[in-house]
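Summary of structural features
Chain by chain, the residues:
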Amino acid sequence: MTDLQSQIREWAMEAVRKYDSISRKKYDCAFYHQSDLTKISEHPQVVIMGINPGSVGSYTAQIDNDNWGIKADGEMTPQKFIQGNPFFKKKDWSFIRNMRKIFRYGDVEELLYDKKSYVYTNLVPFNTAKAGDLPKWVMNECAPLSLSLIGILRPKLLVCLGVDTFDKIMETVSISGSPKPSIETIKGKEIVLSRIGDVCVLGIYHPNADRGRYYTDRKMFINGVIIRSLLDTPQIVSEDLRKCVDDCTQKEIPSFPSDTETALIVERCFNDAMIKLGYSPIGREGVFSLSDDYLVSVRHEGKGQFCISRKDCRQNMETDSIMNILYELDFESHKQPNGDIRWLGCKRFKAMGMTPEKIAKKIVDEVKLIAEYEFEGIDA
């Protein structure tokens, strides 16, 4: 276990004690972290912080819900807490789609698919139907622990979604005994910047502001370029960021190929690269024999997937030795409606880059890693 993971687990023990006590004594609401913190082995590139989960349900109902896996314990546990929301990956929330689009305009969308480079968290872990339903005293109780997590993670960039989230983080820093951080205006109240130690703190309007109507493509483009600028040059001065805003106001907004167009180009690039490496296609385009036992395929259907399967179709995820490397590379199993495993591992194209060339290169690089791990393969 890395030192960073040890710190995260110690933080989780303190956090769960606090939140469990609040839920049982004062405020019976479910609480949870969003993304999986167990994957974090080094300081992430970016942490995105919303104000709180937008759902409903009591703590009692959460404990009884099998999806959370805490019924036997009778309470949220630190381990389950840092594993995150089991629905986080399954739900395609509109604000996440908008956030991805913002990052796409900055050419950094792939970060949001990298569990080791990206954390999504909340200022307050308790759920409410609307952020306005959140009592102020609950925010006051939770904000210091959220700030402590940021101090542990020490991301290059903290993106606060919404004015209230940014303001509360700044207020919490001020009352913690640390020097009051300066706040600089980049674009009115829409984009503000501060720093906590070596962490850049960017405040932007929530991606679902005004029910999703606030963000035009132009505004998403501006935010994406600002995010990219801060990731590339954390010490960039506000004057230069304001110049970025002015430049983006005048520039033509980039266009992107559709998911289908991207997937078809990736498939062609992948086929060419695999043939150059000496692999032979099998059957339809995009399927190659990786060894005597395994197949690797690129599928342009369904917005594009990179898949690994066994030739004999015995898909046993519990005993198949290749699962270790697939787990490390964040592949997901693909189950059929009857529960059978169709693929040992699949990965969506969008988890691998934002241009067809980037995606195809990443796929080929991972094919090399898998080949080297499981059997005698080609040199990387």
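This text gives an overview of the structure that appears in the document. (Residues numbered from 1 in each chain as written. Predicted model: local features only at pLDDT ≥ 70, side-chain atom pairs only at ≥ 80, totals over all residues. Heavy atoms only, no water.)

Here's the deal with the overall build of the protein
Check the secondary structure of the protein and you find 11 helices and 11 strands. The C-alpha atoms of the protein give a radius of gyration of 22 Å, which matches the 21 Å a tight globule of 380 residues would have. In terms of its C-alpha atoms, the protein occupies a principal-axis envelope of roughly 65 × 60 × 35 Å. Considering the protein as a whole, with its 380 residues, one finds that 49% of them fall into the buried category. Averaging the locations of the 52 positively and 54 negatively charged side chains of the protein gives two centres separated by 5 Å. (Helix = DSSP H or I, 4+ residues; strand = E, 2+ residues; numbered from the N terminus. Rg over C-alpha atoms; globule rule 2.2 N^0.38 Å. Buried < 20%, exposed > 50% of the residue type's maximum accessible area, 1.4 Å probe, protein only. Lys, Arg positive; Asp, Glu negative; His and termini not counted. Charge placed at Lys NZ, Arg CZ, Asp CG, Glu CD.)

Considering the pattern of salt bridges
All told, the structure shown has 19 salt bridges when counted by the stated rule. Residue Lys 39 pairs with Asp 330 through a salt bridge whose shortest N-O separation is 3.9 Å. Taken together, the residues span a long stretch of sequence, with Lys 39 in the loop between helix H1 (3-25) and strand E1 (46-50) and Asp 330 in the loop between helix H10 (323-328) and strand E10 (332-335) at a distance of 291 residues. In this structure, Asp 66 engages Lys 71 in a salt bridge whose closest nitrogen and oxygen atoms are separated by 3.0 Å. Because the salt bridges share partners, they merge into one network encompassing Asp 107, Glu 110, Arg 228, Asp 232 and Lys 358. (Salt bridge = Lys/Arg side-chain N within 4 Å of Asp/Glu carboxyl O.)

Topic: the state of the cysteines
Tallied over the full model, the rule gives zero disulfides. For Cys 200, which is in no disulfide, the shortest distance to another cysteine sulfur is to Cys 160 and amounts to 12 Å. According to the relative accessible area criterion, Cys 200 is buried, its value standing at 1%. (Disulfide = S-S within 2.5 Å.)

A closer look at the sheet that holds E1
If you trace the six strands from one edge of the open sheet to the other, you get E2-E1-E3-E6-E5-E4, paired in mixed fashion. At either end of the open sheet lies a strand with only one pairing partner, and these are strand E2 (118-122) and strand E4 (184-187). Pairwise comparison of adjacent strand axes, ignoring direction, gives a mean angle of 25° for this sheet. Inspection of the sheet shows E4 paired to strand E5 (residues 191-196) by three bridges, in the antiparallel sense. Bridging across to E5, Lys 187 finds its partner in Ile 191. Where helix H8 (residues 238-250) meets the sheet, its contacts fall on E4 and E5, and the angle it forms with E4 comes to roughly 15°. (Pairing = 2+ DSSP bridges. Axes fitted to C-alpha atoms, helices over the stretch in contact; angles between N-to-C directions. Contact = heavy atoms within 4.5 Å.)

Overview of the environment of Ser 255
Note that Ser 255 resides in the loop between H8 and helix H9 (259-276). Residue class for Ser 255 comes out exposed when judged on its relative accessible area of 68%. Taking C-alpha positions, Ser 255 is 8.9 Å from Tyr 105, a pair spaced 150 residues apart along the chain.

A word on the nonpolar core
Trp 11, Phe 81 and Phe 126 are the most contacted members of the largest nonpolar core, which has 47 residues in total. Those elements giving two or more residues to this core turn out to be H1, E1, helix H2 (59-64), helix H3 (78-83), helix H5 (136-153), strand E3 (157-161), helix H6 (163-175) and strand E6 (199-204). If one sorts the elements of this core by residue count, H5 sits on top with nine residues. Setting aside chain neighbours within four positions, we find Phe 81 in contact with Trp 11, Ala 12, Ala 15, Val 16, Tyr 19, Phe 31, Tyr 32, His 33, Met 76 and Pro 125. Counting residues in hydrophobic clusters, the runner-up holds 39 residues, among them Ile 96, Tyr 215, Ile 226 and Ile 236. (Core = buried A, V, L, I, M, F, W, Y, C linked by side-chain atoms within 4.5 Å.)

Focus on H6
With 13 residues, H6 should reach 18 Å at 1.5 Å per residue; the first-to-last C-alpha distance of 18 Å fits that figure. For H6, every residue scored as buried is listed here: Thr 165, Phe 166, Lys 168, Ile 169, Met 170, Thr 172 and Val 173. On its buried side, H6 packs onto E1, H5, E3, E5 and E6. Taken from the residues just after H6, Gly 177 is the one with a positive phi, measuring 100°. (Expected span 1.5 Å × (residues − 1).)

Some points on the packing of aromatic side chains
Tallied over the full model, the rule gives 19 aromatic pairs. Judged by centre distance (6.0 Å) and plane angle (55°), the ring pair of Phe 31 and Phe 81 falls under tilted. Linking Phe 31 in the loop between H1 and E1 with Phe 81 in helix H3, this pair joins segments that are 50 residues apart in sequence. By the burial criterion, Phe 31 is buried, and Phe 81 matches it. A centroid spacing of 5.3 Å and a plane angle of 65° characterise the contact between Phe 306 and Phe 331, whose relative ring orientation is edge-to-face. Separated by 25 residues along the polypeptide, Phe 306 in strand E9 (residues 305-310) and Phe 331 in the loop between H10 and E10 bring together distant segments of the chain. Since its relative accessible area comes to 0%, Phe 306 is described here as buried. Accessibility expressed as a relative area gives 11% for Phe 331, which makes it buried. Site record: aromatic cluster; members linked through ring pairs are Trp 11, Tyr 19, Tyr 27, Phe 31, Tyr 59, Phe 81, Phe 126 and Trp 137. Taking the ring centre of Phe 256 as reference, the NZ or CZ of Arg 104 above it sits at 5.7 Å. (Phe/Tyr/Trp six-rings, centres within 6.5 Å; stacked < 30°, edge-to-face > 60°. Lys NZ or Arg CZ within 6 Å of the ring centre and 35° of its normal.)

Remember that the coordinates give geometry; whether it matters functionally is a separate question.
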